[in-house]
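# Descriptive analysis of the structure
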Amino acid sequence: METDALKVAVVMQRVPLANRWQPIQWKPIEISADSGLQDGGGRCLRNDEADARWLFGGYEVRLYTDEAEGYFLNIDSPAPCWFIMWRLEDIDGTEVAVPKQVTLSYNEAARLMDGGEQVDTLPASPDIVAHLGAFVQQHYRPEVKKKRRKPSFEGGAGVDQMARAEGGSHGS
């Protein structure tokens, strides 16, 4: 089950760094309601030596019941956020950080990072956090923790059974 899609746009910024190994840094600086750009379409807002900004729109964010734990982990954190996965691409001869996926699931972001993707965050607005909280309240059921049985090599049930068997074989 999923919710209706929320369409968002992301502004990516390039800033120069005083570092010989990494002369520039790309990062998302704003997320907002979709600007009407076509899916994945980008528009340069500013491009000079001190600052470059690109607007990318058309990202659909849906909430899925099987990701409810990831949404819970996000809103349970001190700073609930959007997760933006992006990659560097060539646009008209310029290297630009292009968002590829936007999510609110902590678990989905962790899977992307485990896969070697670049994922950055932006704070989620109170409205988004409230919407996410309502979804979590309706769909998230924490897994009930079960008592773990000790393996037989740690003196668990298998050892008790062996002791009883040995006691019976040595007779009374």
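Conventions and cut-offs
Residues numbered from 1 in each chain as written. Predicted model: local features only at pLDDT ≥ 70, side-chain atom pairs only at ≥ 80, totals over all residues. Heavy atoms only, no water. Helix = DSSP H or I, 4+ residues; strand = E, 2+ residues; numbered from the N terminus. Areas by Shrake-Rupley, 256 points an atom, 1.4 Å probe, with all protein chains shown as cover. Axes fitted to C-alpha atoms, helices over the stretch in contact; angles between N-to-C directions. Parallel < 35°, antiparallel > 145°, perpendicular 65-115°, else oblique. Left-handed = near helix turned anticlockwise from the far one by under 90°. Contact = heavy atoms within 4.5 Å. Buried < 20%, exposed > 50% of the residue type's maximum accessible area, 1.4 Å probe, protein only. Polar contact = N/O pair within 3.5 Å; in protein donor to acceptor, adjacent residues only side chain to side chain. Salt bridge = Lys/Arg side-chain N within 4 Å of Asp/Glu carboxyl O. Pairing = 2+ DSSP bridges.

## Observations regarding the overall build of the chain
- Scanning the chain for helices and strands turns up four helices and seven strands.
- Helices and strands appear in the chain in the N-to-C order β-β-β-β-α-β-β-α-β-α-α.
- For the chain, the exposed surface amounts to about 11300 Å²; the carbon and sulfur share of it is 49%.

## Side note on the packing of helix H1 (residues 68-75) against helix H3 (residues 126-139)
- Interaxial distance between H1 and H3 falls to 9 Å at its minimum, and their mutual angle equals 135 degrees. Taken together, H1 and H3 sit at an angle that is classed as oblique. Regarding H1 and H3, the two cross each other, and that crossing is left-handed. Here Ala-68, Tyr-71, Phe-72, Asn-74 and Ile-75 of H1 lie close against H3, whose contacting residues are Val-129, Leu-132, Gly-133, Phe-135, Val-136 and His-139.

## Let's talk about the side chain of Thr-103
- Its location among the elements puts Thr-103 in strand S6 (residues 94-103).
- Using a relative accessible area of 5% as the deciding quantity, one classes Thr-103 as buried.
- Among the polar contacts made by the side chain of Thr-103, one reaches the main-chain amide nitrogen of Ser-105 at a distance of 3.1 Å.
- Excluding residues within four positions of it along the chain, Thr-103 makes contact with Trp-82, Phe-83, Glu-108 and Ala-109.

## Considerations on the pattern of salt bridges
- A full pass over the atoms with the stated rule returns eight salt bridges.
- Across the salt bridge formed by Glu-60 and Arg-62, the nearest N and O atoms sit 3.3 Å from each other.
- Its relative accessible area of 41% is what places Glu-60 among the partly exposed residues.
- On the basis of relative accessibility, which here comes to 27%, the residue Arg-62 falls in the partly exposed class.
- For Arg-87, the salt bridge is made with Glu-117, and the minimal N-O distance between the two is 2.6 Å. Of this pair, Arg-87 sits in strand S5 (residues 81-91) while Glu-117 sits in the loop between helix H2 (106-114) and strand S7 (118-123), and the two are 30 residues apart along the sequence.
- Overall, Glu-117 belongs to the partly exposed group, its relative accessible area being 24%.
- Among the ionic contacts, a cluster of salt bridges with common partners joins Arg-46, Asp-48, Asp-51 and Arg-53.

## Details of the sheet that holds S5
- Pairing is antiparallel in the open sheet, where three strands are placed in the order S6-S5-S7. The open sheet has two free edges, formed respectively by S6 and S7, since each of these has just one partner strand. On average, each strand axis in the sheet is tilted by 40 degrees relative to the strand beside it, whichever way the strands run.
- Alignment of S5 against S7, held across six bridges, turns out to be antiparallel. Residue Ile-84 lies in a different strand from S7, and its bridge partner there is Asp-120.
- On top of the sheet, H2 reaches S5, S6 and S7; it is set at about 140 degrees to S6, its chief contact.

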